[in-house]
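Geometric and topological summary
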Amino acid sequence: MIPLTSDTETRPTEAMRAAIAAAKVGDEQRREDPTVNLLLERVAQLLGKEAALFLPTGTMCNLIAVKTHTRAGDMMLAEREAHVLRAEAGGAGLVSGVLTEPLLGGSHGDARIAGTFTATELGDALDRITAMPAPYAPPPTLLCVEQTHNFGGGSIWPRERLAAVCARARERGMAVHMDGARLLNAVVASEVPASDWCSHVDSAWIDFTKGLGAPIGAVLAGSREFINQALRYKYAFGGAMRQAGIAAAGCLHALDHHIARLADDHANATQLAAGIAALPGLRLVYGMPQTNIVFFEPAPGTISAAEMARRCLERGLRIGTIGGKIRAVTHLDVSRAQVDEALGIMADALG
Ligand SMILES: *Cc1c(COP(=O)(O)O)cnc(C)c1O
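A short tour of the structure in this document, coming up. (Residues numbered from 1 in each chain as written. Predicted model: local features only at pLDDT ≥ 70, side-chain atom pairs only at ≥ 80, totals over all residues. Heavy atoms only, no water.)

A few words on the pattern of salt bridges. All told, the structure shown has 21 salt bridges when counted by the stated rule. Between glutamate 314 and arginine 310 there is a salt bridge, and its shortest N-O distance comes to 2.6 Å. Of this pair, glutamate 314 and arginine 310 both sit in helix 13 (residues 305-314), four residues apart, which is roughly one turn of the helix. On the basis of relative accessible area, glutamate 314 is assigned to the exposed category, the value being 56%. We classify arginine 310 as partly exposed; its relative accessible area is 42%. A salt bridge links aspartate 348 to arginine 315; the shortest N-O distance between them is 2.7 Å. In this pair, aspartate 348 sits in helix 14 (residues 336-350) while arginine 315 sits in the loop between helix 13 and strand 11 (317-318), placing the two residues 33 residues apart along the sequence. For aspartate 348, a relative accessible area of 45% translates into the label partly exposed. One network of salt bridges, in which partners are shared, links Glu307, Arg310, Arg311, Glu314, Arg315 and Asp348. (Salt bridge = Lys/Arg side-chain N within 4 Å of Asp/Glu carboxyl O. Helix = DSSP H or I, 4+ residues; strand = E, 2+ residues; numbered from the N terminus. Buried < 20%, exposed > 50% of the residue type's maximum accessible area, 1.4 Å probe, protein only.)

Structure representation (structure tokens):
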């Protein structure tokens, strides 16, 4: 089976398993796990932040970050297809009691910036939210940005656009949080260091279970004060662990061995997208990918996305559907040969 559903499908490599087996461990709740502590130092430095927190999942990073940055009744802004709004079971509302205002991100005709928005668009939204004077309007206190943007086809924020958006948010007294599940894909593709991207935001996290290929773990980073507050929620939400060095060792191995190779995934995604674009009956939703995510759809009046995915599955290719579109994601368990094979299967499935 060719696994193109998600880059979460990666399995730990033999070398990663060896690193995990050899991990020095301690009680993470007591902050005595040396492998976790080393990972936190490494990620804080990588992202250019003072401190960091080890958590089991990226979803918990977003959950805790929103809780730390807001109070119940505050308004959080995010692009309308953002993972924090679309794919986290309403956690932000459930746990933090925030109202959410979706921003129309956007393609606006330019597919390469799907999932991003401009400072003017943010300013207009804030004007709308605060049209009623205080104390009528809910206070907008948090902006979430996603890098890369998952449901925007792995798009990378244009650098000046992100800087301007974050500056505008600051002017309006808001904190900015980056969902950086795939930030390192953006780093490799853009050749802009992670610390540079993160210099615009108050908090950011990276996921180790996407293209980095580890089985468990995400790290949230920010100022020492932010992390000290977030620490309480890590315990409250049951995210404080014990011999978590077992998981952190996989993450450290990924930092050392799986970052530069993300470029291979991007090259494979480009190859895949070019092949899809050349197939009559399929079309790319966002044009050519910038990183490792390709969204495409059957041409109107042909088969449905679900039917296409079903036919591919029968032929040994697993792809996912999201809202009538098909998503294919490349990662370290997908070779160039498998990309070519996948294109053959798609052609066959179209009939
Ligand atoms: C996967 C993902 C998450 C959630 O991460 P988990 O580790 O699966 O909980 C959050 N945001 C984005 C953009 C993601 O792609």
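Moving on from the model shown.
Spatial ordering of the open sheet is given by 2-8-7-6-5-3-4, a layout of seven strands whose pairing is mixed. Where the open sheet ends on each side, the last strands, each with one partner, are strand 2 (51-55) and strand 4 (99-103). Each strand axis lies, on average, 20° off the axis of its neighbour in the sheet, ignoring direction. Each of strand 2, strand 7 (203-207) and strand 8 (218-222) touches helix 2 (residues 34-47); the most contacted strand, strand 2, lies at about 125° to it. (Pairing = 2+ DSSP bridges. Axes fitted to C-alpha atoms, helices over the stretch in contact; angles between N-to-C directions. Contact = heavy atoms within 4.5 Å.)

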